[in-house]
Amino acid sequence: MKAFKRGLAALVSAAALLSATAAMAQEIKVDPKLAEMVPQDIRDRGYIVGAASLAVPPLLYADDDANTPKGAVAEISAAYAARLGLELHIEKVTGGGAIPGVVAGRYDIVASAGDFKSRRDVLDFVDLVKGGTALLVKAGNPTGVQGFEDLCGRKLALAKGSIQEGEAADLSDKCTAGGKAAIELMPFPDSSAGILAMQAGRADVFWDDLAPASWRLKQSSEFAIAGKPQDLAPYGVGIPKEKTQLRDAIQASLQSLIDDGTYGQILAKWGMEAIAEPEALINGSEF
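Below is a summary of the structure that appears in this document. (Residues numbered from 1 in each chain as written. Predicted model: local features only at pLDDT ≥ 70, side-chain atom pairs only at ≥ 80, totals over all residues. Heavy atoms only, no water.)

### Regarding the overall build of the protein chain
Which entries qualify depends on this criterion: Each helix is a run of H or I in the DSSP string that is no shorter than four residues. Each strand is a run of E no shorter than two, and both are numbered from the N terminus. This radius of gyration counts C-alpha atoms alone. The globule rule is 2.2 Å times how many residues there are, raised to the power 0.38. Exposed residues in this analysis have more than 50% of their type's maximum accessible area, buried residues have under 20%, and partly exposed residues fall in between, with area computed by a 1.4 Å probe over protein chains only. Should any heavy atoms of two residues lie within 4.5 Å, those residues are considered in contact. Calculation of accessible area relied on Shrake-Rupley with a 1.4 Å probe; when residues are assessed, cover is drawn exclusively from the protein chains displayed. A positive count includes Lys and Arg, and a negative count includes Asp and Glu. His and the chain ends are not counted in either. Every charge is mapped onto a representative atom, which is NZ of Lys, CZ of Arg, CG of Asp or CD of Glu.
Broken down by element type, the protein chain carries 11 helices and 11 strands. Over its C-alpha atoms the protein chain spans a radius of gyration of 19 Å, differing by no more than 12% from the 19 Å that the globule rule assigns to 287 residues. In terms of overall dimensions, the protein chain has a C-alpha envelope of 60 × 35 × 35 Å along the principal axes. Residue burial in the protein chain is summarised as follows: out of 287 residues, 52% are buried. Pairs at least 24 apart in sequence give 77% of the contacts found in the protein chain among residues at least 6 apart. As displayed, the protein chain has an accessible area near 12,500 Å², and 51% of this comes from carbon and sulfur atoms. Taken together, the 29 basic and 37 acidic charged side chains of the protein chain have centroids lying 2 Å from each other.

### Concerning unusual backbone geometry
Pro-58 follows Pro-57 through a cis peptide bond whose omega is 0°. Mapping Pro-58 onto the fold places it in the loop between β3 (55–56) and β4 (60–61). Non-glycine residue Leu-54 carries a positive phi angle of around 55°. Mapped onto the elements of the fold, Leu-54 is located in the loop between β2 (47–52) and β3. Looking at Leu-54, the relative accessible area reads 4%, which means it is buried. Within the chain, Asn-141 stands out as a residue other than glycine whose phi angle is a positive 50°. Relative to the helices and strands, Asn-141 resides in the loop between β7 (123–138) and β8 (155–159).

Listed below in structure tokens is the structure:
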């Protein structure tokens, strides 16, 4: 345990871990009973170490050189940590490295990831907000993508390590089994790189998460959504299966934010009321 703490301390120093939305956290009162639920080693340390791509606006992203976390999920996460008497330090991880990093013990949690049953062999999830996916194309849809049923033979950009990567491979197999051309899968380290490839014409479409895809449409007239969005698993905090004490502390803290209205206020601030979860479920997804 001491070796793990020393390792994390070195990681914090060497990797310049980021303290998420400190201003929001300062407004949250600590609940002593909830704080007692936190594992002693984390209580002694005073912070939770989370891994995230910081590439999912407006939920959890960074748009400056300092990679300062921002977004609705960033603020909710800082708030549940603050209620536990902790800070949340987020390290940017790309290329699908968040879940392997947590499993390997480099981080305490995945700050936000899809709560899919396929991931529950190694992680439990405390569900944060509703999820979904959408196909993002350039405005005017110059390549004529009609939806998920129209991806055969297309150049499909996506984020490496995302659940979309596996689903796209399955869709491609269905294409070839039906006598159609395979999907040309183009995985990129993060969403930003995949979208740039689509904008440059190197990919026909980018398979995005629904919340950021909708946000991008609000921010720019350069994009459109092809076909109908797809309902999918909620975003959740990913916690190693063996860390049940930390999982239960985060769940109880998040539920307290839902109950007192803080959770809803944060989502309203970001215009994301539609993705609110009514309660903080553990492994609540059916996907």
